[in-house]
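Working through the structure, step by step
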Amino acid sequence: MARLINCFSYVHGHKEAQEIVTDLNQMKSKKSQNFYIEYNKTQDYSKNDSYLIKGKVTNEDWEELNLESDFMMI
């Protein structure tokens, strides 16, 4: 089994975060896990807050999707 890279990125706006998660999940390989938005129970979703997108990807997906430009490794 391939070693997965834990990664995250902050995005402003709920709609934008949802679009990014949808796009990444469509482009990643089956070996990587789905990206998701980690919700904060105290966050006010009616405002244009930052949203944390997390995922676990293969090294190949990390490079192929050019995630290092927007994501940080955990």
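Data block above holds the structure.
Quick summary incoming for the structure in this document.

Conventions and cut-offs
Residue numbers run consecutively from 1 along every chain, following the written order of its sequence. Predicted model: local features are reported for residues with pLDDT of at least 70 only, side-chain atom pairs are reported and counted for 80 or more only, and whole-chain, interface and lining totals are derived from all residues. Side-chain numbers here rest on the full set of heavy atoms in the structure, without hydrogens or water. To qualify as a helix, a DSSP run of H or I must reach at least 4 residues; to qualify as a strand, a run of E must reach at least 2; elements of each kind are numbered from the N terminus. Distance and chemistry together define a polar contact, namely a pair of N or O atoms within 3.5 Å, with one atom able to donate a hydrogen and the other to accept it when in protein, and with adjacent residues in sequence counting only for side-chain atoms on both sides. Note on aromatic pairs: the rings of Phe, Tyr and Trp (six-membered ring only in Trp) are paired at centre separations within 6.5 Å, and the planes decide the class, stacked below 30 degrees, edge-to-face beyond 60, tilted for the rest. Type-normalised accessible area, obtained with a 1.4 Å probe on protein chains alone, sets the label of each residue: buried when under 20%, exposed when over 50%, and partly exposed for intermediate values.

The next thing to look at is the side chain of Lys 28. Relative to the helices and strands, Lys 28 resides in the loop between helix H1 (14-27) and strand S2 (36-38). A polar contact of 3.1 Å, which involves the side chain of Lys 28, links it to the backbone oxygen of Ser 32. Here Asn 34 takes part through its side chain, which lies 3.4 Å from a polar atom of the side chain of Lys 28.

Glancing now at the packing of aromatic side chains. Counting across every chain of the model gives two aromatic pairs. Taking 6.1 Å as the distance between ring centres and 80 degrees as the angle between the ring planes, the aromatic pair formed by Phe 8 and Tyr 10 counts as edge-to-face. Their ring planes at 65 degrees and their centres at 5.7 Å tell us that Phe 35 and Phe 71 sit as a pair that is edge-to-face. With a gap of 36 residues between them, Phe 35 in the loop between H1 and S2 and Phe 71 in the loop between helix H2 (59-64) and strand S4 (72-73) connect regions that are remote in the sequence. For the pair Phe 35 and Phe 71, one class covers both residues: buried.

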